[in-house]
Amino acid sequence: MKDLAPDIFRQRLVIEGYPNEPLTDEVIKKYLSALSETIEMHELLSPVTHRSDKFGWAGWIHWETSGAHFYAWESPRLFFSVDIYTCKKFDPLKAVEFTKDFFKVSTVEYKEF
């Protein structure tokens, strides 16, 4: 992929895993706010969530330097996917370790772009 804006810093990280129980609105909001603190992002808007009966939960948080999306499935299996996009540099391993600890899972998969 050609970088169309090399003068604008962008960092992306996707983290995925299997939670031990179905995730709720409250848990997703707490995670997104705590993630903000962990990777030192300034929260402009408290997290918002929405539930689709067909696909499960989605959540989003707005940071001064972009934001993060969160998706949680209950079917066909318990699963979550976090998509972090920011114009401010952060330590991806902090986000990964925080996510593992927050959801009390031993393994997550992640990819930085």
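Residues numbered from 1 in each chain as written. Predicted model: local features only at pLDDT ≥ 70, side-chain atom pairs only at ≥ 80, totals over all residues. Heavy atoms only, no water.

(A) View of the overall build of the chain. Counting its secondary structure elements, the chain contains two helices and six strands. Order of helices (α) and strands (β) in the chain, N terminus to C terminus: β-α-β-β-β-β-α-β. Rg of the C-alpha trace for the chain: 14 Å, near the compact-globule value of 13 Å for 113 residues, within the 12% margin. Oriented by its inertia axes, the alpha-carbon framework of the chain measures out at about 40 × 30 × 25 Å. For the chain, buried positions account for 37% of its 113 residues. Accessible surface for the chain amounts to roughly 7,100 Å². Of this, 54% is attributable to carbon and sulfur atoms. Mean positive and mean negative side-chain charge positions of the chain (14 and 18 charges, respectively) differ by 4 Å. (Helix = DSSP H or I, 4+ residues; strand = E, 2+ residues; numbered from the N terminus. Rg over C-alpha atoms; globule rule 2.2 N^0.38 Å. Buried < 20%, exposed > 50% of the residue type's maximum accessible area, 1.4 Å probe, protein only. Areas by Shrake-Rupley, 256 points an atom, 1.4 Å probe, with all protein chains shown as cover. Lys, Arg positive; Asp, Glu negative; His and termini not counted. Charge placed at Lys NZ, Arg CZ, Asp CG, Glu CD.)

(B) View of the sheet that holds strand S2 (residues 43-52). One open sheet holds the six strands; their spatial order is S2-S3-S4-S5-S1-S6, and the pairing between them is antiparallel. Strands with a single pairing partner mark the edges of an open sheet, and in this sheet they are S2 and strand S6 (108-112). Averaged over neighbouring strand pairs, the angle between their axes works out to 10° when direction is ignored. Contacting S2, strand S3 (56-63), strand S4 (66-73) and strand S5 (79-86), helix H1 (residues 25-38) crosses the sheet at an angle of about 30° to S3. Where helix H2 (residues 92-103) meets the sheet, it contacts strand S1 (11-17), S4, S5 and S6, and its direction lies at approximately 25° from that of S1. (Pairing = 2+ DSSP bridges. Axes fitted to C-alpha atoms, helices over the stretch in contact; angles between N-to-C directions. Contact = heavy atoms within 4.5 Å.)

(C) Representation of the pattern of salt bridges. Under the criterion given, the structure shown has five salt bridges. The closest approach of N and O atoms between Asp-3 and Arg-10, which form a salt bridge, is 2.9 Å. (Salt bridge = Lys/Arg side-chain N within 4 Å of Asp/Glu carboxyl O.)

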